[in-house]
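# Coordinate inspection notes
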Amino acid sequence: QRMARAHGAMLRDRTPVTSIEARRDEVVVETADARFSARSLTVAAGPWTAWAVGRFGLRIPLDVTKEQVIYFAAGDLAAFALGTFPIWIWMDDPAFYGFPVFGEPDAVKITQDAGGRRVDPDTRGFEEDPEITARVRGFVERYLPAALGPARLIKTCLYTLPPDRDFILDTLPEHANVAVAVGAGHGYKFAGVLGRVLADLALEGRSPILEESAGIFALDRAILQMESPPRTYMV
């Protein structure tokens, strides 16, 4: 955010969009107290993506789930220090992942991937999900008991999941100046390359990176055209 502001970006926090409309060679976005127009628009709206693209008459089957991470106060934090203990992921169903001590100086971050319930992003709560906590504790007790301890901190977040859990990176079929990005619950790790793709689409109308992806991130891929697509959230 600091870098964006330094390069002239205007950031409007807590400012819901009320309408989006394509008009000839521009896109108009309105909020409760302002109106913006531009030659191109990038929709990176996370759990509100379906609403945003719906303004253009497009439907995308997306699930919004409430996830949580748990920071355990392990008895021997030195064993989980950065540089000693790795970032890891248990690739199974359910899947779990964790980090060494980082960010929270006295706890180890461990949680389940894509284990949350579907929610409405406008009404979701921030309280603990005891079912996720129980699954994570059970996993840690069995496979990483040295990390187990009191829950120092529990945080919640939202995942926005296409049914195949691949990214969505594309322009709208009838509005080439409107790009859409969905990170599928792991977009932050790829923020650098996703930003480059979206900047290329906004400024040049094309992305060399996408041209090499064989359409796997496209809006018109088969699974996104299904009325009730099968869901597979394993990465």
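Refer to the structure above for everything that follows.
Residues numbered from 1 in each chain as written. Predicted model: local features only at pLDDT ≥ 70, side-chain atom pairs only at ≥ 80, totals over all residues. Heavy atoms only, no water.

## Things to note about helix 3 (residues 130-143)
- Look at helix 3: 20 Å from first C-alpha to last across 14 residues, which is about the 20 Å you get at 1.5 Å a residue.
- Turning to helix 3, its buried residues are I132, T133, V136, F139 and V140. Down the axis of helix 3, the smallest arc covering the buried residues is 130 degrees, so these residues share one side. Those residues of helix 3 that are exposed and aimed more than 90 degrees away from the buried face are P130, A134 and R142.
- Contacts from the buried residues of helix 3 go to strand 5 (63-72), strand 6 (88-90), strand 7 (95-98), strand 8 (108-113) and strand 10 (151-161).
- One side-chain oxygen of the residue at the start of helix 3 lies 2.9 Å from the amide nitrogen of E131, identifying that residue as D129. (Helix = DSSP H or I, 4+ residues; strand = E, 2+ residues; numbered from the N terminus. Expected span 1.5 Å × (residues − 1). Buried < 20%, exposed > 50% of the residue type's maximum accessible area, 1.4 Å probe, protein only. Arc of directions from axis to C-beta. Contact = heavy atoms within 4.5 Å. Polar contact = N/O pair within 3.5 Å; in protein donor to acceptor, adjacent residues only side chain to side chain.)

## Focus: the layout of surface pockets
- Estimated volume of the second largest pocket: approximately 240 Å³.
- Among the elements of the structure, strand 4 (41-43), strand 12 (175-182) and helix 4 (191-204) are those that each provide at least two residues to the lining of the second largest pocket.
- Here the lining of the second largest pocket takes five residues from helix 4, the largest share from any one element.
- Of the residues that constitute the lining of the second largest pocket, the class distribution is six nonpolar, four polar and two charged. (1 Å grid on protein atoms, 1.4 Å probe; cavity = no way out; pocket = protein on both sides within 12 Å on 5 of 7 lines; lining within 4 Å. Points joined across faces, edges and corners; volume = space filled by probe spheres on them. Nonpolar A, V, L, I, M, F, W, Y, C, P; charged D, E, K, R; others polar.)

## Focus on the side chain of Q112
- By the element assignment, Q112 lies in strand 8.
- Overall, the relative accessible area of 8% leaves Q112 in the buried class.
- Of the polar contacts made by the side chain of Q112, one reaches the side chain of R135; its length is 2.6 Å.
- Once residues within four sequence positions are removed from consideration, Q112 is found in contact with E67, P94, A95, F96, Y97, R135 and V136.

## Considering the pattern of salt bridges
- Evaluated as defined, the whole model comprises 11 salt bridges.
- A salt bridge links D106 to R152; the nearest nitrogen and oxygen atoms lie 3.4 Å apart. Taken together, the positions of D106 in the loop between strand 7 and strand 8 and R152 in strand 10 put the pair 46 residues apart, joining distant regions of the chain.
- Look at R152 and you get partly exposed, because its relative accessible area is 48%. (Salt bridge = Lys/Arg side-chain N within 4 Å of Asp/Glu carboxyl O.)

Read these as geometric descriptors, not functional statements.
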